[in-house]
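Examination of the molecular architecture
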Amino acid sequence: MTSKIWGGRFSAGPAAIMEEINVSVGFDQRLAKQDLHGSRAHCTMLVAQGIVSKEDGDAIQEGLTRIEKEIISGNFLFKRALEDVHMNIESRLADLIGAPAGRLHTARSRNDQVATDFRMWVRAALETLDEEVRKLQSVLIDKAEVHAGTIMPGFTHLQTAQPVTFGHHLMAYVEMFGRDRGRLIDARTRLNECPLGAGALAGTSFPINRALTAEKLNFDRPMANSMDAVSDRDFALEFMAAASILAVHMSRLAEEMVNWSSVQFGFIRFTDAFSTGSSIMPQKRNPDAAELVRGKSGRVFGGLFALLTVMKALPLTYSKDMQEDKEIVFAAFDTLELCLAATAGMVDDMKPDVERMRGSAGSGYATATDLADWLTQALNIPFRESHHITGKIVKLAEGKGCDLADLSLEEMQAAEPRITKDVFKVLTPEASAASRTSFGGTAPDNVRKQAEAARARFLTLGKAP
């Protein structure tokens, strides 16, 4: 049986294995909404240009409306034999309205049709992810504001470095996710050009109006080159690149939550809503959601490299390799949407152990830099010399097995005679954090101001981050 898709050129149908490798309707039916939208705009343009009669155009529009209702209700039957979502809709349209359906594909190819549908889908996906990241930022800001003065250790090399506040630590992720939103919005801006009307690759001899279809589909303009229009997948690559960096940031936060919730850290605790148990160890409370967010980042990274590999050696214009783009992007979107919701839930759920955090912030000589800064500010000692003096005092405290604040004034003066009792005012974690008042610093008042500013920057709807 000859294929209804390929027409008179072929006298027999495809081999079973050919149909199996070629069919895409199992996943590209997710483009049905966009395909219907694109077909309506294309039909409107064809009628406006006098290429299709108003009577046939009205019949096409009515048929597309009926198909949309069937799809929404779940009564539309997608057939594998028709290969993809586009031909399934076109075939059903012919069943419903007869001959006028054949006029819809005038002056377009599946190449520009699928490129347009996919761009519209990715555009909507970027908007959805931007909103989900905004929600995550909102939860982080709320938590940061509550804990603007909660002292915890800051780390470098996963070693105690200087005291910071829990709020300040969380606000760092607000900034990261703000950049992620910037990339998502940037990608949306760049993709918002319309391929429809490019035809298979060379344009068309019909007197079409590409500006009209672009406007109807909420694109900024038609794509300028018909070959680029059908062969470009930069928009999908940008989506995957932005998705991968977003996944990195979620994975880093997930890693922190895994560490913080361990017995060894004991900084936070999840409720039963975000904890799991062990089949053999009854005492366990496992942060599985955080571990899964961390693990699922690999799927997104893999998708980016898969799509880069698909595109890296394709000559202009369209090749069937490009059918591989959709499953990759769909899967990344699904993964991110799930992980964003889970991450926001975990941030909202986690309860910090304030005393445990504060106790840990004072360990490991975390206020050594404050001592060095005090020597420079109070005694006008060059910082490099202050650093050396502080090192000697830390070594003395290590030898005694005590913290810096537990040393006597006389012991400190043995390293630097000009040290006064005022030095002890800077050696507590609270004093250390409070002193970091420079812009972007961890002082609690700073954090409160940062949270307020972040609400204005990131959470105002309709405003780009």
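From a predicted model like this one, the values you see are computed outputs, not experimental measurements.

1. Considering the overall build of the chain
Counting secondary structure elements, the chain contains 18 helices and six strands. The C-alpha extent of the chain, read off along each of the three principal axes, is 100 × 55 × 40 Å. Looking at the 465 residues of the chain, the share that counts as buried comes to 49%. Put simply, 74% of the contacts in the chain that link residues at least 6 apart link residues at least 24 apart. Carbon together with sulfur atoms contributes 54% to the accessible area of the chain, which is approximately 22,100 Å² in total. The positive charge centre, built from 54 side chains, and the negative charge centre, built from 60, are 1 Å apart in the chain.

2. Notes on unusual backbone geometry
Residue Thr-317 is bonded to the preceding Leu-316 through a cis peptide linkage, with omega at 10 degrees. Relative to the helices and strands, Thr-317 is located in the loop between helix 11 (288-311) and helix 12 (325-349). Backbone geometry places Tyr-365, a non-glycine residue, at a positive phi of 55 degrees. Position of Tyr-365 among the secondary structure elements: in the loop between helix 13 (354-361) and helix 14 (368-379). Of note in this structure, Asn-380 is not a glycine but carries a positive phi near 60 degrees.

3. Describing the state of the cysteines
Evaluated as defined, the whole model comprises zero disulfides. Cysteine Cys-194 remains unbridged, with the sulfur of Cys-43 as its closest cysteine sulfur at 15 Å.

4. Quick notes on the environment of Val-310
Assignment of secondary structure puts Val-310 in helix 11. A sequence separation of 13 residues divides Val-310 from Gln-323, and the C-alpha atoms of the two residues are 9.5 Å apart. Not counting the four nearest positions on each side in its chain, Val-310 is found in contact with Asp-321 and Glu-324.

5. Structural notes on the pairing of strand 2 (residues 159-165)
Inspection of the sheet shows strand 1 (residues 151-156) paired to strand 2 by six bridges, in the antiparallel sense. By the bridge assignment, Met-152 is partnered in strand 2 with Val-164. The antiparallel hairpin formed by strand 1 and strand 2 contains two residues in its connecting segment, where His-157 sits at a positive phi of about 60 degrees.

6. Some details on the packing of helix 3 (residues 32-48) against helix 4 (residues 54-73)
Two numbers describe how helix 3 lies on helix 4: the axes approach to 10 Å, and their chain directions differ by 170 degrees. Overall, the two elements helix 3 and helix 4 adopt an arrangement that is roughly antiparallel. Within the contact between the two elements, helix 3 uses Ala-32, Leu-36, Ser-39, Arg-40, Cys-43, Thr-44 and Val-47 and helix 4 uses Lys-54, Gly-57, Ile-60, Gln-61, Leu-64, Thr-65, Ile-67, Glu-68 and Ile-71. For the contact of helix 3 with helix 4, a count of residues per class yields eight nonpolar, five polar and three charged.

7. Brief notes about the environment of Ala-101
Structurally, Ala-101 is set in the loop between helix 5 (85-97) and helix 6 (110-146). Classification of Ala-101 by relative accessible area gives buried; the value is 2%. Ala-101 sits 67 residues away from Gln-34 along the chain, and the two C-alpha atoms are 18 Å apart.

8. Remarks on helix 5
With 13 residues, helix 5 ought to run about 18 Å at 1.5 Å a step, and its terminal C-alpha atoms sit 18 Å apart, in line with that. Along helix 5, the residues classified as buried are Val-85, His-86, Met-87, Asn-88, Ile-89, Ser-91, Leu-93 and Leu-96. In this structure, the buried residues of helix 5 make contact with helix 2 (25-28), helix 3, helix 4 and helix 6. Measuring from the backbone nitrogen of His-86 back to the side-chain oxygen at the start of helix 5 gives 3.1 Å, which picks out Asp-84 as the cap.

9. What about helix 6?
Its 37 residues place the ends of helix 6 54 Å apart at the C-alpha level, agreeing with the 54 Å of an ideal helix rising 1.5 Å per residue. The element helix 6 is largely enclosed, with a buried count of 27 among its 37 residues. Sitting at the head of helix 6, Ser-109 places a side-chain oxygen 2.9 Å from the backbone nitrogen of Asn-111.

10. Some points on the side chain of Asn-88
Mapped onto the elements of the fold, Asn-88 is located in helix 5. Residue classification places Asn-88 among the buried positions, given a relative accessible area of 2%. Separated by 2.6 Å, the side chain of Asn-88 and the backbone nitrogen of Lys-79 make a polar contact. Ignoring anything within four residues of it in the chain, the contact list for Asn-88 reads Val-25, Phe-76, Leu-77, Phe-78, Lys-79, Leu-82 and Glu-83.

11. Points about a nonpolar patch on the surface
On the surface, a cluster of nonpolar side chains totalling about 340 Å² of accessible area is made up of Ile-17, Met-18 and Ile-21. Structurally, Ile-17 can be placed in helix 1 (residues 16-22). Classification of Ile-17 as exposed rests on a relative accessible area of 65%.

Reading the values: the criteria
- Residues numbered from 1 in each chain as written.
- Predicted model: local features only at pLDDT ≥ 70, side-chain atom pairs only at ≥ 80, totals over all residues.
- Heavy atoms only, no water.
- Helix = DSSP H or I, 4+ residues; strand = E, 2+ residues; numbered from the N terminus.
- Buried < 20%, exposed > 50% of the residue type's maximum accessible area, 1.4 Å probe, protein only.
- Contact = heavy atoms within 4.5 Å.
- Areas by Shrake-Rupley, 256 points an atom, 1.4 Å probe, with all protein chains shown as cover.
- Lys, Arg positive; Asp, Glu negative; His and termini not counted.
- Charge placed at Lys NZ, Arg CZ, Asp CG, Glu CD.
- Disulfide = S-S within 2.5 Å.
- Pairing = 2+ DSSP bridges.
- Axes fitted to C-alpha atoms, helices over the stretch in contact; angles between N-to-C directions.
- Parallel < 35°, antiparallel > 145°, perpendicular 65-115°, else oblique.
- Nonpolar A, V, L, I, M, F, W, Y, C, P; charged D, E, K, R; others polar.
- Expected span 1.5 Å × (residues − 1).
- Polar contact = N/O pair within 3.5 Å; in protein donor to acceptor, adjacent residues only side chain to side chain.
- Patch = residues over 30% accessible without salt bridge, like charges linked within 9 Å, V, L, I, M, F, W, Y side chains within 5 Å.
- Salt bridge = Lys/Arg side-chain N within 4 Å of Asp/Glu carboxyl O.

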